[in-house]
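Chain by chain, the residues run as shown.
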Amino acid sequence: MQWQEELRQLAEIESPESGAITFYFQPQVPQNLSHREETILVKDLVEQAIHRHSRNGNSDGNRVRLRSDLQRILEIAEHLHGNHSRAKAIFSCSEKDLWREFDIPEIAGNTQLHVNSRFHLKPIADAVLAAKRCSVALVDRERARILDLFMDEVTEREQIADEIGRNVRSDGFNGYEAGHVERHVGNGVMRHVKRVTERLLEIRTEGQMDSLIIGCRPEMWPEIEPHLHAYLKQCFIGRITLDPALASVREVQEHAARLLDENRLSEQQARIREVIGEAQRNGRGSLGLRHVLTSLERGEVQTLLIGNTFAARAVECTHCGHLDTRLVEKCAICAHQTREQDDIGDALIGFALRSGANILHVDDGQFAKAGNIGALLRFRADQNTPEKLAG
Ligand SMILES: [Zn+2]
């Protein structure tokens, strides 16, 4: 299942009795905590959560279920250390009979446990929604390897080997023969490169490639570049100079991670400029919490941009879900009781996921000054009024 859909389902979960448990396990790298210390840390988190929620006016049944879910998380955490280098996320809500575990890339922040009426989705959304399926093609004269890089993990997809010039070694001593062999070998390299780029194009058209990186020796690049189809060039994010025969997977991964980071940052910058520009000319952009909330509730949001340091308090209506930055006790729309949200970031992300919007986490000073929250809109409801359309 796609992450967007998986997270949307988690965002739908609401537990009036505060039985929604979110657990993120972030392995320490380098391992500066021993297994014992790490287990004690999780144990403390679990005990604090049990303590806090035994006084919260929960029903007995809920307390028992909460305790057993937390116990199960503790047991899993005890076995994670050492044999688990990746981060893990667990979502549990026994009230809704839900238990989900995911291996995820590194999250921002440490191991953490949250017990609330909704799941704490910001770290997982941040870690997985921006993840791209990246193909790294290591291309040499007669051999190529295609590696898939997704969410910090590298797997080898396939190897393509062509034999060139093996069976054409000429017995002739004259220049004509030598030139003939060279041309023949040259054609062989070209055929090999074409085969590789055609295969890459297939992977791309099958929807299994979001970005492409090519790794090769410098003298090979002029042989490869002319064969990259326009559709591959669209997602091509850079070249790594290396010897495919000698490069280790780790080395390739490090170079690729750097290129992906650069690419992510420049895409972020482009989106930020777009949102700020559109908002300034009153177009398809929304900036600042109050405007973004209105756009979300009108279903206008295509992509929600949320600053990494964004934090604000707000209330959420327990009945209709309306979010309000004024800390009012009664909902302005349906007059039901509201519930205070310590961090409205989570509520916004949940809202965006439920309405099918994309989420982009950004880290940018200029954006932070502009409110640290913004949205790119599909449309603007207030500009589709009969008066505007007539005008
Ligand atoms: Zn309401």
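See the structure above.
Residues numbered from 1 in each chain as written. Predicted model: local features only at pLDDT ≥ 70, side-chain atom pairs only at ≥ 80, totals over all residues.

## A closer look at helix α1 (residues 3–12)
Then comes step 1: By the burial criterion, the buried members of α1 are Leu7, Leu10 and Ala11. Here the buried residues of α1 occupy an arc of 100° about the axis, which is enough to place them on one side.
Then comes step 2: On its buried face, α1 sits against β2 (87–93), α4 (122–128) and α10 (344–354). (Buried ≥ 20, exposed ≤ 12 C-beta atoms within 10 Å, placed from the backbone. Helix = DSSP H or I, 4+ residues; strand = E, 2+ residues; numbered from the N terminus. Arc of directions from axis to C-beta. Contact = placed C-beta atoms within 7 Å.)

## Some words on the pairing of β2
On any regular strand, side chains alternate: one points to one face of the sheet, the next to the other face.
Then comes step 1: Counting buried positions along β2 gives 5 out of 7 residues, so the element sits mostly inside the fold.
Then comes step 2: By the bridge criterion, 5 bridges tie strand β1 (residues 20–25) to β2 in an arrangement that is antiparallel. Looking at β2, one finds that Phe25 is bridged to Lys88.
Then comes step 3: As defined by bridge partners, β2 adjoins strand β3 (residues 98–104) across 7 bridges and the pair is classed as antiparallel. Paired with Ser92 across the bridge in β3 is Trp99.
Then comes step 4: Counting the residues that bridge the hairpin from β2 to β3 gives 4 residues, and of these Asp97 lies at a positive phi of roughly 60°. (Pairing = 2+ DSSP bridges.)

## Structural notes on the packing of α1 against α10
Then comes step 1: Orientation of α1 relative to α10, taken along the N-to-C sense of each, is 120°, at an axis distance of 8 Å. Judged on the interaxial angle alone, α10 and α1 are oblique. Crossing geometry of α1 relative to α10 is assigned as left-handed. Contacts between α1 and α10 involve Leu7, Arg8, Ala11 and Glu12 on the former and, on the latter, Gly350, Leu353 and Arg354.
Then comes step 2: A breakdown of the residues in the contact of α1 with α10 according to their chemical character gives 3 nonpolar, 1 polar and 3 charged. (Axes fitted to C-alpha atoms, helices over the stretch in contact; angles between N-to-C directions. Parallel < 35°, antiparallel > 145°, perpendicular 65-115°, else oblique. Left-handed = near helix turned anticlockwise from the far one by under 90°. Nonpolar A, V, L, I, M, F, W, Y, C, P; charged D, E, K, R; others polar.)

## Description of the sheet that holds strand β14 (residues 338–341)
Then comes step 1: Spatially, 3 strands are ordered β13-β12-β14 in an open sheet, and the strand pairing comes out antiparallel. Of all strands in the sheet, those bounded by a partner on one side alone are β13 (323–324) and β14.
Then comes step 2: Packing of α10 onto the sheet brings it into contact with β12 (314–317), β13 and β14, and relative to β12 it is tilted by some 40°.

Remember, this is a structural readout, not a statement about activity or role.
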